[in-house]
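Each chain, written out:
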Amino acid sequence: QVQLVESGGGLVQAGGSLRLSCAASGFTFSRYDMHWYRQAPGKERELVAGITSGDSTNYADSVKGRFTISRDNAKNTVFLQMNSLKPEDTAVYFCNARLVRIIRSFEYWGQGTQVTVSS
């Protein structure tokens, strides 16, 4: 049974920090590219950061220099360190796992964790 369980969300003042975690189980974590997405009220879900199975990373322009994605394959966990948080970072943050193959692709989502940044 595949599971992605996010944790670490909460309420923080602008300028503060949070560290999100996503614990994975039920699939071979090290083979998957991992991503963090977010969705604010009334807005579409957007990609925040990604890390490949080979540890290459990418970030949305809005979070570059403030957020850092990392992974621990031994613990089947992906992290998102969020610094210098802004009110516009307020959203539900979702963990995503993706494996793209020619014949078939696999994709899984977590249930989300709320991040609220007060001004």
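Just above, that's the structure.
All values reported here derive from a predicted model rather than from experimental measurement. Numbering of residues starts from 1 in each chain and follows the order in which that chain's sequence is written. It should be noted that, the model being predicted, local features are given only for residues of pLDDT at least 70 and side-chain atom pairs only at 80 or more, the latter also being counted only at that level, while totals for whole chains, interfaces and linings use all residues. The side-chain values count all of the structure's non-hydrogen atoms but skip hydrogen atoms and water molecules.

### Regarding the pairing of strand β5 (residues 46–51)
This is how the line gets drawn: Being paired, for any two strands, means DSSP has found at least two bridges between them. Secondary structure elements are defined from DSSP: runs of H or I of at least 4 residues count as helices, runs of E of at least 2 residues count as strands, and each element is numbered from the N terminus.
In terms of strand pairing, strand β4 (residues 33–39) meets β5 through 5 bridges, oriented antiparallel. Within the sheet, the bridge partner assigned to M34 lies in β5 and is I51. In textbook terms, the turn of a hairpin is the stretch between consecutive antiparallel strands, and for β4 and β5 this stretch comprises 6 residues, one of which, G42, has a positive phi near 75 degrees. Bridging between β5 and strand β6 (residues 57–59) involves 3 bridges; their strand directions are antiparallel. Within β6, the position partnered with I51 by the bridge is T57. Counting the residues in the hairpin turn of β5 and β6 gives 5 residues, including D55, whose phi is positive at 75 degrees.

### Description of the environment of V48
Filter applied, for reference: With a 1.4 Å probe rolled over the protein chains alone, any residue whose accessible area is under 20% of its type maximum counts as buried; one over 50% counts as exposed, and the rest are partly exposed.
Assignment of secondary structure puts V48 in strand β5. The exposure class assigned to V48 is buried, which follows from its relative accessible area of 1%. When the C-alpha positions of V48 and D61 are compared, they lie 8.6 Å apart, and in sequence the two are 13 residues distant.

### Considering the sheet that holds strand β8 (residues 77–82)
Worth spelling out the cut-off: Fitting a line to C-alpha atoms yields each axis, with helices limited to the stretch in contact; the angle taken between N-to-C directions then spans 0 to 180 degrees.
Strand order in the open sheet made by the 4 strands is β1-β3-β8-β7, with antiparallel pairing throughout. Edge positions in the sheet fall to β1 (3–7) and β7 (67–72), since each of these pairs with one other strand and no more. Neighbouring strand axes in the sheet, compared pairwise and without regard to direction, differ in orientation by 15 degrees on average. With 6 bridges connecting them, β7 and β8 associate as antiparallel partners. Counterpart to F67 in the pairing with β8 is M82.

### Here we look at the nonpolar core
Quick note on the threshold: Here, nonpolar core refers to any group of buried Ala, Val, Leu, Ile, Met, Phe, Trp, Tyr and Cys residues whose side-chain atoms link them within 4.5 Å. Contact definition: two residues touch when any of their heavy atoms are within 4.5 Å.
Membership of the largest hydrophobic core comes to 30 residues, with the highest contact counts inside it found for M34, W36, V78, L80, M82 and Y93. Secondary-structure elements contributing two or more residues to this core are β3 (18–25), β4, β5, β7, β8, β9 (91–100) and β11 (113–118). The leading source of residues in this core is β9, at 5 residues. With residues near it in sequence (within four places) discarded, M82 still touches G16, S17, L18, L20, R66, F67, Y93 and V115.

### As for the pattern of salt bridges
Where we set the bar: Any carboxyl oxygen of Asp or Glu within 4 Å of a side-chain nitrogen of Lys or Arg constitutes a salt bridge here.
Inspection of the entire model under this criterion finds 5 salt bridges. Measuring nitrogen to oxygen at the nearest pair gives 2.8 Å for the salt bridge that ties D89 to R66. Residue D89 is located in the loop between β8 and β9, and its partner R66 is located in the loop between β6 and β7; the two are separated by 23 residues in the primary sequence. In this structure, the salt-bridge partner of R98 is E107, at a minimum N-O distance of 3.0 Å. Judged by its relative accessible area of 39%, E107 is partly exposed. If you follow the salt bridges from partner to partner, you end up with R38, E46, R66 and D89 in one network.

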